[in-house]
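Breakdown of the fold
Spelled out from the first residue to the last, the chains are:
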Amino acid sequence: MAATIPDPQPGTHTADGVARPPSDRASRVEAHGIDHIADEERHGRPRQLFSIWAAANVNYLSLVTGGALVLMGLSLWQAVAVIVVGNLFWLLTGLLAISGPAAGAPSEVITRAIYGVLGNRVNNAIVGWMISVCYFALNLAAAATAAFSLVEKAGITANTGVQITVVVAIAALTLVIGVYGHAMITRLYLPITLVLTAVFAVVAVPVLGRTDFGYTPAEPLSGIGLWSVLVAGVTLIGSGPLSYTTSADFSRYLPRTTSAKAVVGWTALGGFVPSVIVCSLGACAATAVDMSNPQTGLEQLLPAWFTPVFLLALVLGTIAINALTSYSAGLALQAVGIRIRRTRSVLVDGAAAVSLTLYGLLISNFLDTVSNVLQLTVVLLGPAMAVYATDILLRRNRYDGPALMDESRGSRFWYTAGFNPAGAIALTGGVAAAALCVNTLYTGLVAQALGGVDLALPVGLVVASILYAVLMRASDRVPGRC
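Residues numbered from 1 in each chain as written. Predicted model: local features only at pLDDT ≥ 70, side-chain atom pairs only at ≥ 80, totals over all residues. Heavy atoms only, no water.

1. With respect to the side chain of serine 132
Put simply, the rule reads: Under the DSSP-based scheme used, a helix requires at least four consecutive residues in state H or I and a strand at least two consecutive residues in state E, with every element numbered from the N terminus. By definition, residues are in contact when any of their heavy atoms lie within 4.5 Å.
By secondary structure assignment, the location of serine 132 is in helix 8 (residues 117-153). Apart from residues lying up to four places away in sequence, serine 132 is in contact with Val127, Thr325 and Ala329.

Written as structure tokens, this is what we have:
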């Protein structure tokens, strides 16, 4: 666990007028890891959360998923409706974020109240660290592919040595942000948001100019087939916000008295607005060009002079999203129980992600395999988010940060042999129910009975939430303040 800086000095005012303590300034490596943030070190305003989430969602992936909806057989307006509904799950991401100011701790620690001290280590190893590193590797591979094209346009052959250099360079830029931590993220993400917004605004002009606003597929879907694709599309879009079960990591420095509604609102808006706009732009592009190869398709619409700028923006957007991922993965590695400083844990995450990326790009189709597996993560992440959100509601967001730091057998959160049966059973039950309903790499029994309609997302959310609420109330373990 990272140590706090001794002998705090008076805070300094930055350009946004917010007083920041020395322990959380952009020019200094963040001193805190998963330890508690004391009230005197809290600062900032909830509106700062908007740019953090916006920068991570004005990206290439959103364009690709929007285009994928049209490729799946939806009309343009059906795709837009799916995009709006799927992005409503950002409200859940916002709800989870309110636990940060309440506890002064990251999500990786707050979930000790749900799973128990030892149970939470298992949760962080799988949900927090392993999945995050896989996402890091996939996003890094996407950024590297765009960078390879940029290198080729500069007249340099993207041989193996160049590819390795490019991957390492992108990862290094990402990890610098992750290592410097919270204050650096807060400082950089507003200008990153503005730059990416400007680039995508330019992209929007030729895309909208070629869009067929009355587009319908040659053979429109209907009946069960239509519902199957609509539900699958909502799951595809919803998997984005549902993957951020760690949103308290970026709100924990806010004062304890910060409005919960403001935290929910700015977090949700930061994810919802850019995701809806950029995903819709991808759907519009799919009515004009073939988005099965998005980069090639979009380059057909863009002026030649702008293509390098667009490729650079794709890399920048991926760096923004991966910096958040590496930051949270570093905290997760600490929460697993490994005694390592946060700065070093972030570097470990980066090394693992770079290794997976290079292995996938240069040696095998490993990344394709991981990508397919991650299609199933909604089966796990949906129930995990539902249990977390339910705990917040049950406790009325009353968390005792210092108590959550206690990992001893005498801890309030030791429960039974270090595990909270309610959390373990609820998560397991939600995952099992979702697995029966899934229709991606395999078709579950419920999905088979429904003609292929995949209800894994709603079923997993509802079953996990109900189980947790019932079991926690039955165990009488929901005090007024956790």
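2. Considerations on helix 13 (residues 294-301)
Applicable threshold: Each residue gets one of three labels from its accessible area relative to the maximum for its type: buried under 20%, exposed over 50%, partly exposed in between, using a 1.4 Å probe on protein chains only. The arc in question is the one spanned by the directions pointing from the helix axis to the C-beta atoms.
Three or more residues of helix 13 are buried, namely Pro294, Gln295, Gly297, Leu298 and Leu301. Buried residues of helix 13, seen end-on, are gathered within an arc of 165° and therefore sit on one face of the element. Where helix 13 is buried, its residues touch helix 2 (60-71), helix 8, helix 10 (182-210), helix 12 (260-286) and helix 14 (307-335).

3. Let's talk about the packing of aromatic side chains
Here is the rule we go by: The rule is short: rings of Phe, Tyr and Trp, with Trp giving its six-membered ring, pair when the centres are within 6.5 Å, and they are stacked under 30 degrees, edge-to-face over 60, tilted in between.
Tallied over the full model, the rule gives nine aromatic pairs. Put simply, the rings of Trp53, Trp90, Tyr244, Phe250 and Tyr327 pair up and form one aromatic cluster.

4. Side note on the pattern of salt bridges
Quick reminder of the rule: Salt bridges are identified by distance alone: a Lys or Arg side-chain nitrogen within 4 Å of an Asp or Glu carboxyl oxygen.
Under the defined criterion, the tally for this structure stands at 10 salt bridges. Where glutamate 407 meets arginine 339, a salt bridge forms, and the shortest distance between an N and an O atom there is 3.5 Å. Note that glutamate 407 is positioned in the loop between helix 18 (401-404) and helix 19 (421-437) and arginine 339 in the loop between helix 14 and helix 15 (342-362), a separation of 68 residues in sequence. Here glutamate 407 falls in the buried class, since its relative accessible area comes to 17%. A salt bridge links aspartate 400 to arginine 412, with the nearest nitrogen and oxygen atoms 3.9 Å apart. Highlighted residues: aspartate 400 in the loop between helix 17 (377-394) and helix 18 and arginine 412 in the loop between helix 18 and helix 19, separated in sequence by 12 residues. For aspartate 400, a relative accessible area of 17% corresponds to the buried category. For arginine 412, a relative accessible area of 46% puts it in the partly exposed group.

5. Focus on a nonpolar patch on the surface
Heads up, the rule is: The residues that make up patches have over 30% relative accessible area and no salt bridge, and they are joined within 9 Å when like-charged or within 5 Å when they are Val, Leu, Ile, Met, Phe, Trp or Tyr. Computed by Shrake-Rupley with a 1.4 Å probe, the accessible areas treat only the displayed protein chains as cover when residues are assessed.
Together, Ile164, Val168, Tyr359, Leu361, Leu362 and Ile363 make up an exposed nonpolar region whose accessible area comes to about 490 Å². Looking at the nonpolar patch, the element that brings in the most residues is helix 15, giving three residues. In this structure, valine 168 sits in helix 9 (residues 160-180).

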